[in-house]
Amino acid sequence: MNMNAKYRYVTALMLVCTAAPAASLFSPAEVSDTELAQLRGRYVLPDRIISFGVVMNSSWQASSGQVIGAQVSLNIAQGQSQPNLSISMIDQTGSAGGLSTGTGQVIGGAGLDSVQGVVQSVRTAGDFNTGRNDLSIDISYGAAPAGTGVGGSFSGPQSFSNGAGSVQVGAVNGGLQIALQAANGQGTSLQQIGGGSIAQQANIGGTLNEVRNLATLSVALRSPLNNLNLVSCLEQLKGLKQNGL
């Protein structure tokens with residue numbers, strides 16, 4: 001692993017790096033795998049974050065070309081007491097032709113709802129379908145990125161519908177969820193973040209559908225990659241057990 005990869009790896013995991021008390025500097029202790037599991041994803045470099053944001057986008061394009069979906073954007077910058085949370089509907093027209101009825105059945109998969117961490121699945125019982133789940137992390141330095149909030153402020157559960165189906169956006173299990181039901185039994189999709197997991201699922205029972213669940217986590221950090229605190233973090237991580245990483 002090259003040095004740049006190490007920097008990205010440490011930043012993506014968001015491990016804490018704080019100054020240790022003087023009395024403990026000469027008393028090193030090995031960190032167990034269990035302790036590392038509790039730390040992963042819960043801490044960030046102190047005083048380095050300028051802003052943090054999440055954008056979730058879910059859409060379903062039917063065989064007619066009509067699209068139904070929603071986008072949710074959450075942003076919070078340094079100095080803000082409350083995050084900005086906004087929602088917008090995705091509504092695109094297609095051809096005048098009607099939709100056929102989906103006859104395929106997707107069964108099983110109940111265990112996907114109880115996974116902790118990141119879970120992605122695309123299951124189809126029809127033909128000529130396309131499904132895409134994507135999660136990306138965007139890390140920048142020196143300045144907060146431009147705001148990505150569009151649409152109206154989120155004040156509670158909201159729903160939209162058109163000829164391609166219906167979509168509901170709401171708070172579930174301490175997080176945000178976009179649940180989409182395609183028209184005429186063509187299928188369902190779900191995207192959720194929070195409650196200890198990120199889930200992106202598509203179950204397609206019809207034909208000629210295109211389903212997308214896209215999520216982006218954006219973090220803006222105050223210092224460049226070569227700051228001394230980050231280098232110190234890397235040096236401390238060298239002593240950790242390799243099996244736990």
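See the structure above.
Before going into details, it helps to say that this report is about the structure given with it.

## Things to note about unusual backbone geometry
Phi is positive for F128, close to 60°, though the residue is something other than glycine. Looking at the secondary structure, you find F128 in the loop between β4 (117-124) and β5 (130-141). Assessed through its relative accessible area of 70%, F128 is described here as exposed. The phi dihedral of N184 falls on the positive side, at around 55°, and the residue is not glycine. Take N184: it is sitting in the loop between β9 (175-182) and β10 (187-194).

## Re the nonpolar core
The biggest cluster of nonpolar side chains holds 24 residues, and the ones touching the most others in it are W60, I68, V167, I178 and I193. Counting residues per element, the ones that place at least two in this core are β1 (49-61), β2 (67-77), β8 (165-172), β9, β11 (197-204) and β12 (210-221).

## Examining the pattern of salt bridges
Under the definition given, this model contains one salt bridge. For R212, the salt bridge is made with E210, and the minimal N-O distance between the two is 2.9 Å. Take R212: its relative accessible area is 34%, and that puts it in the partly exposed class. Overall, the relative accessible area of 26% leaves E210 in the partly exposed class.

## Some points on the environment of N173
Mapping N173 onto the fold places it in the loop between β8 and β9. Sequence separation between N173 and G195 is 22 residues; the distance between their C-alpha atoms is 5.7 Å. Not counting residues within four places of it along the chain, the set of residues in contact with N173 comprises Q192, G194 and G195.

## Here we look at the environment of A215
Among the structural elements, A215 can be located in strand β12. Once the C-alpha coordinates of A215 and V54 are considered, the two residues, 161 residues apart in sequence, prove to be 7.2 Å apart. Beyond its immediate stretch of four places on either side in the chain, A215 contacts V55, D134, L135, S136, Q191 and Q200.

Conventions we followed
Within each chain, residue numbers correspond to sequence positions counted from 1 in written order. It should be noted that, the model being predicted, local features are given only for residues of pLDDT at least 70 and side-chain atom pairs only at 80 or more, the latter also being counted only at that level, while totals for whole chains, interfaces and linings use all residues. Water and hydrogen atoms play no part in the side-chain values, which are based on all heavy atoms of the structure. In DSSP terms, a helix is any run of H or I states spanning at least four residues, a strand is any run of E spanning at least two, and both are numbered starting from the N terminus. Categorising residues by exposure relies on relative accessible area from a 1.4 Å probe, with only protein chains included: less than 20% of the type maximum marks a residue as buried, more than 50% marks it as exposed, and the intermediate range marks it as partly exposed. For our purposes a nonpolar core is just a set of buried Ala, Val, Leu, Ile, Met, Phe, Trp, Tyr and Cys residues, chained together by side-chain atoms within 4.5 Å. The rule for a salt bridge is simple: a side-chain nitrogen of Lys or Arg has to be within 4 Å of a carboxyl oxygen of Asp or Glu. By definition in these notes, contact holds between two residues if any of their heavy atoms fall within 4.5 Å.

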